[in-house]
Amino acid sequence: MFQHNFKISFRTLWRDGGFSLINIGGLAFGMAVAICIGLWIHDELSFNQYHKNYDTIAQVKRQQNWRGNAKRITSDYQVTALGTLLKDNYRHYFEQVVMMRQLEEWVLATDNQSFTQKGHFMQWEGAKMFSLNMIQGNQEGLKEQNSIFLSQTLAKKLFDTENPINQVIKLAGKVDLKVTGVYEDLPNNSSFHGATFFSPLPLYFALTGGDANAWSNSNMRIYTQIKKTTDFTTTTAAIKDELANHLTDDEVKSTKPTILLQPMKNWHLYNEFENGKMVTSQRLQFVWFYSIIGLFVLFLACINFMNLSTARSEKRAKEIGVRKTMGSQRGHLISQFLSESFIVALLAYGIALLMVKVSLPWFNVIAGKDIQLLWEAPMFWFLGLSFTLFTGFLAGSYPALYLSGFQPVNALKGTARGAYAVFPRKVLVVFQFTVSIALMIGTLVVFQQIQHTKNRPVGYEQDGLLMMPKATNEIYKKVNILHEELKKSGAVISTAQGNYPLTNEFGQNQGFGWQGKEVNMEITFNTIQISEDYGKTVGWKILAGRDFSKDFSTDNAGVIITEAARRAMGLDQPIGAQLEYKYGHNGIYDFTIIGVVDDLIKANPYEAPLPAIMFLGEKGFGWQFFRLNPQLSTREAIVKMEAVFKEVVPATPLDYQFIDAAYQRKFESEERIGQLAAVFATLAVLISCLGLFGLAAYMAEKRTKEIGIRKILGASILNLWQLLSQEFIMLVFIAGLLASLIAYFFAQSWLSNFNYRIAIPWTIFGLVGLGALIITLVTVSFQALRAALMNPVEIIKNN
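Note that the coordinates shown come from a computational prediction; the quantities given were computed from them, not determined experimentally.

Chemist: Explanation requested: the overall build of the protein in the structure shown.
Modeler: Helix and strand counts for the protein come out as 24 helices and 26 strands. Across the 799 residues of the protein, 52% fall into the buried class. Long-range contacts, defined as pairs at least 24 residues apart, comprise 79% of the intrachain contacts of the protein with a sequence gap of at least 6. As displayed, the protein offers around 36600 Å² of accessible surface, 57% of which is attributable to carbon and sulfur atoms.

Here is the structure:
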C-alpha cells in the first residue's frame, strides 16, 4: 500500500509541475521562517548557558526609593565595600563573591603596536566562577596584580603565531602587564561577550585610587555563586538589609535600600524592573512575538496547501469517482492524499533546510547573532522531523477529508462540490491577509517610533563632535599641550574634557539639598565633572543664566543644571539658588546654580532624561571632546588630528568616536527587531499571495462555463475581470478592518513601554490597506485575465 501511494503521489506531483512547485515552495518558505525563528528563540533561551555554574550564579542588585519615594528603582551598580562584606561575612552562603567593573575601553600596547580594546577588571576568582575556557594558562592566573588574560582573538591579533604566555603588554601607557592566560572567545549569547581581556581588580584600584572598602560612589558590579546547600531566596533574605546597615538613619528613611540576588538565568529575558518589581522585559516580549509569528507563518503556509489542493479538486474529481466505483474505500483515499501531503512536507523540509543554510549569514547580520544550524544535535532532528510530519498532517488533513468525501456519481458528473465548498477557503484567505496586514502595520509602527526618537532633540550638537577616552598616561600628562596643538592645526575649533562619555548616564548620586526641598525627599542626579569649554564644545543650549567661564574665579563653587533637574527641584527662579551637596566636590559642599541648560539625552533615548548637575572639574577627567572645524572635510580634519597625535602623544592611537554614530547605536536593538519583522511580514504577504492565487484559480475553474456563456453573450474582458476580482477585494477589505483593530491594540501596548513615543497615525492603516489591495489585484488578475481570455467555444465544449 505504501509503495502504491508513493508512486501515485510522485506521478501526481510530476504531472502538475507548476502547481507542485508553488505548493512545495510556499510550504518551504513557511518552514524556513519557522526554523530561523526557532533557532533565534533557542539562542535567546540558552543565553549564558555557556557558563558551567549557570544555575548558581547571581548578580547583586540594589533597590531604593527615588524622587521622594515616588517610585523604586533597581540598579546594577554597588559600593565596593558591599562586595568585601559579603565575601568576608557570608562564606556559609557563597562559594564565591566577585566584584567587577563594567565593560570599559583601555589601550593595550606591545613594542610594535597598540589597540583600544574592551575588557573587565575583576577579582581573580571570577575566571573560575564564570568558567572561562582557558586555552593557555589556568584560571588562577589573575592572582598577580600586574597580569592579564587575553581572548583567543586578541592574542592572535597582538602576537600572531608567537606564544602569548609571559609576553608583556603595556596598559594605558602606565603599567606593564604579563599575559598569564588565553581564554576561548566568549559566545554572542553570553552577557560577557565582547570582553577581549580580563585584568585584576586591585590593578584598577591602583590606577584610579579606588578602595575595596569604600561605602561611597556606586561604581561596581558584584556577582556571587551560592552554595548548593542554599538557594537564592534564602540568601537574598539573609543579606537584603546589609546596605541599609551602613547608611545614616536619614538616608535609610528617604531611600529604604535593599539588595537582592538576580539569578543568571534571569539576566537576559527577565532583567527589567518597574517600581521594584520584575516585569515582562521587552526582550521576552519579542521572544513571544516571534514565536507567534513563526507559528502564524507556518500556519499560513499550511493554509496555502489546503487552498491549492482543493482548488485542483475539479481535475481530480473524476479520478476519485472512478476509484470509488472500482471499490476504493474512503480510508484508502485519505491515505493516498495524506501520503502526497507527507511527501510535499518532506520535500519542503529539505528545501527549507537549504534555504536556512544559505540565508543564515544574512539572518545573523540582521539579528546581531551568531546562530548555526544544530546539525549534530539529536533534538534538532527530532523536533524538525516531528514538526515536518505534523505540518504534513495539518496541511493535508483538510484536502484528504474533503476530496475523499466526494460521492462517486456526483464526482463523475462533475458536481462533487457543495454549495458552500468555497466558504472555508474564503475564511482562510481572510485569516491570511489579516495576519499579513497586521504584521505590515506593526512593522511600520516600529520604524516610525524609531525614526521619531532618532529625530528627538538631544540637547547638544552632534554633527562634527568627537569623543575619545584619555586611555594612556601620556595623554593625562600632555592633554593641555595636545589640545592646543589640535586647535593650532586647524583640525578642531574647540576642545573639552569630562569624566564620562556624552552617551551614557554614569555618575548617579544623591545627597543634594536646596531651599524648599520636601522632607524625606531624595532625588538621584546624573552628576558630571566638566571643563570650562565643555558647553561650547558640545553645543548645549543655555535656557537661563550663563555657562562656565575662566573669567569667574568663583565658578568652582558654581553648578549648571538641566531643565529636568530644575523641574525635579521645583525651582521657578533657579539662577542664584543655593545647592548643598553633603558628599562635596573638590572639598566644596555649598554651590550656587549659575545656569540651566536644555535636557541632555544621553542614555535611553526612549525615556525621560534623568536630572543632571554639572560641576566644574580640575583633574581626573577620563574623556575628551573635539569639535571638528566645519571649514574642513571630515577626512581632512582627521588626517590633521592624526598628525598631531603622532607628534605629541605617539604611543596613543587616535581611537575616536563620532557622537552621532555612538548615539545611533542605541537604536540597534529596535532596528533589528523592525528589520526582522519586515522580513517576516514580507514573507507572510508572499505566502498569503500564494493562497490568494490558489483561491483565484479555484474560483476561475468553478466558473469557467459561466465565463464562456458570458463571453458569447458579449461580456468584455474588463467585465469578466471585474466579475472575478470583486469578491477578493471584499475579502481583503474585511481582513484590513480586522487587522487594523488587532494591530492598533498590540501597537499601543508596545508603545506604552516608551516614555517618548509617537501617536499612531491613521495614514499607516490607509497605506497598508491600499498596498494590500494592490497586491490582491495583481495576484488575482493573472487568473482572472487568463480565464477571461479563454476561447468560449472550448470552454463550453469541455464543460
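Chemist: Would you mind going over the pattern of salt bridges with me for this structure?
Modeler: It is possible for side chains of opposite charge to pair when their charged atoms get near one another. Inspection of every chain in the model, using the stated rule, returns 18 salt bridges. Glu 44 is the salt-bridge partner of Arg 283, the closest N and O atoms lying 2.9 Å from each other. Note that Arg 283 is positioned in helix H9 (residues 282-311) and Glu 44 in helix H2 (residues 17-45), a separation of 239 residues in sequence. One salt bridge in this structure joins Asp 555 and Arg 546, with 2.7 Å as the shortest N-O distance.

Chemist: Would you mind going over the pairing of strand S25 (residues 623-628) with me for this structure?
Modeler: Residues in a regular strand point their side chains to alternate faces of the sheet. Of all six residues that make up S25, six are buried, and the element is covered over most of its length. Here S25 shows a buried face lined by Trp 623, Phe 625 and Arg 627 and a second buried face lined by Gln 624, Phe 626 and Leu 628. Two elements, strand S15 (residues 465-469) and S25, share five bridges in a ladder whose sense is antiparallel. Bridge pairing in S25 links Pro 469 to Trp 623. In terms of strand pairing, strand S16 (residues 492-498) meets S25 through six bridges, oriented antiparallel. Residue pairing in the sheet places Thr 495 in a bridge with Phe 626 of S25.

Chemist: What is the right way to look at the pairing of strand S10 (residues 197-200) in this model?
Modeler: Side chains of S10 alternate between two faces, with Phe 197 and Ser 199 and Phe 198 and Pro 200 buried alike. Relative to S10, strand S5 (residues 114-122) runs parallel, the two being bridged by four bridges. Its bridge partner lying in S10, Phe 121 is registered against Ser 199. Across two bridges, strand S7 (residues 147-151) lies against S10 in antiparallel orientation. Counted as the bridge partner of Phe 149 is Phe 198 from S10.

Chemist: Got a minute to help me understand the nonpolar core in this structure?
Modeler: Note that soluble globular proteins tend to have their nonpolar side chains buried in a common cluster. Judged by nonpolar contacts, the single largest core of 105 residues is most densely connected at Trp 40, Phe 363, Tyr 460, Trp 540 and Met 614. For this core, the leading source of residues is H9, giving 13 residues. Apart from the residues within four sequence positions on either side, Trp 40 is in contact with Arg 283, Phe 286, Val 287, Tyr 290, Phe 363, Ala 367, Lys 369, Ile 371 and Leu 676. One finds Ala 172, Val 182, Leu 203 and Phe 205 within the second-largest nonpolar core, a separate group that totals 40 residues.

Chemist: Sorry, what's going on with helix H7 (residues 232-239) here?
Modeler: Every α-helix winds through 3.6 residues per turn, so residues three or four apart in the chain are directed the same way. For H7, every residue scored as buried is listed here: Phe 232, Thr 235, Thr 236 and Ile 239. Down the axis, H7 shows its buried residues gathered within 100° of arc, on one side only. Summarising the geometry of H7, the exposed residues directed more than 90 degrees from the buried face are Thr 233 and Ala 237. Two or three places before Thr 233, at the opening of H7, Asp 231 has a side-chain oxygen 3.1 Å from that residue's backbone nitrogen.

Chemist: Quick question: what am I supposed to make of the packing of helix H15 (residues 473-489) against helix H18 (residues 634-648) here?
Modeler: A pair of packed helices is captured by two measures, namely the crossing angle of their axes and the spacing between those axes. Closest axis-to-axis distance for the H15/H18 pair is 10 Å, and the angle between their directions is 140°. Read as a crossing pair, H15 and H18 show a hand that is right-handed. Of the residues in H18, those in contact with Ile 475, Lys 478, Ile 481, Leu 482, Glu 485, Leu 486 and Ser 489 of H15 are Lys 640, Met 641, Val 644, Phe 645 and Val 648. Of the residues belonging to the contact of H15 with H18, the class tally is eight nonpolar, one polar and three charged.

Chemist: Please explain the packing of aromatic side chains as it appears in this structure.
Modeler: This structure, assessed with the given rule, holds 32 aromatic pairs. With a centroid separation of 5.6 Å and an interplanar angle of 70°, the aromatic rings of Tyr 663 and Phe 667 are classed as edge-to-face. Neither residue differs from the other here; Tyr 663 and Phe 667 are each classed as buried. The rings of Phe 512, Trp 514, Phe 525, Tyr 581, Tyr 583, Phe 591 and Phe 615 are connected pair by pair, giving a single aromatic cluster. If you follow Lys 157 out to its NZ or CZ, it ends over the ring of Phe 115, 4.2 Å from the centre. Taking the ring centre of Phe 552 as reference, the NZ or CZ of Arg 546 above it sits at 3.8 Å.

Chemist: How should I be thinking about the environment of Leu 724 in this particular structure?
Modeler: Structurally, Leu 724 can be placed in helix H22 (residues 717-751). Spatially, the C-alpha atom of Leu 724 lies 8.1 Å from that of Val 780, the residues being 56 residues apart in sequence.

Chemist: When you look at empty space enclosed by the protein in this model, what are you seeing that I'm missing?
Modeler: By rolling a water-sized probe across the atoms, one finds the places where empty space is left. Under the definition given, this model contains two cavities of 30 Å³ or more. There is about 30 Å³ of room inside the second largest cavity. Together, His 51, Met 100, Phe 130, Leu 132, Leu 186, Phe 192 and Phe 198 line the second largest cavity. The residue makeup of the lining of the second largest cavity, split by class, is six nonpolar, one polar and no charged.

Each value, and the rule that gives it
- Residues numbered from 1 in each chain as written.
- Predicted model: local features only at pLDDT ≥ 70, side-chain atom pairs only at ≥ 80, totals over all residues.
- Heavy atoms only, no water.
- Helix = DSSP H or I, 4+ residues; strand = E, 2+ residues; numbered from the N terminus.
- Buried < 20%, exposed > 50% of the residue type's maximum accessible area, 1.4 Å probe, protein only.
- Contact = heavy atoms within 4.5 Å.
- Areas by Shrake-Rupley, 256 points an atom, 1.4 Å probe, with all protein chains shown as cover.
- Salt bridge = Lys/Arg side-chain N within 4 Å of Asp/Glu carboxyl O.
- Pairing = 2+ DSSP bridges.
- Core = buried A, V, L, I, M, F, W, Y, C linked by side-chain atoms within 4.5 Å.
- Arc of directions from axis to C-beta.
- Polar contact = N/O pair within 3.5 Å; in protein donor to acceptor, adjacent residues only side chain to side chain.
- Axes fitted to C-alpha atoms, helices over the stretch in contact; angles between N-to-C directions.
- Left-handed = near helix turned anticlockwise from the far one by under 90°.
- Nonpolar A, V, L, I, M, F, W, Y, C, P; charged D, E, K, R; others polar.
- Phe/Tyr/Trp six-rings, centres within 6.5 Å; stacked < 30°, edge-to-face > 60°.
- Lys NZ or Arg CZ within 6 Å of the ring centre and 35° of its normal.
- 1 Å grid on protein atoms, 1.4 Å probe; cavity = no way out; pocket = protein on both sides within 12 Å on 5 of 7 lines; lining within 4 Å.
- Points joined across faces, edges and corners; volume = space filled by probe spheres on them.

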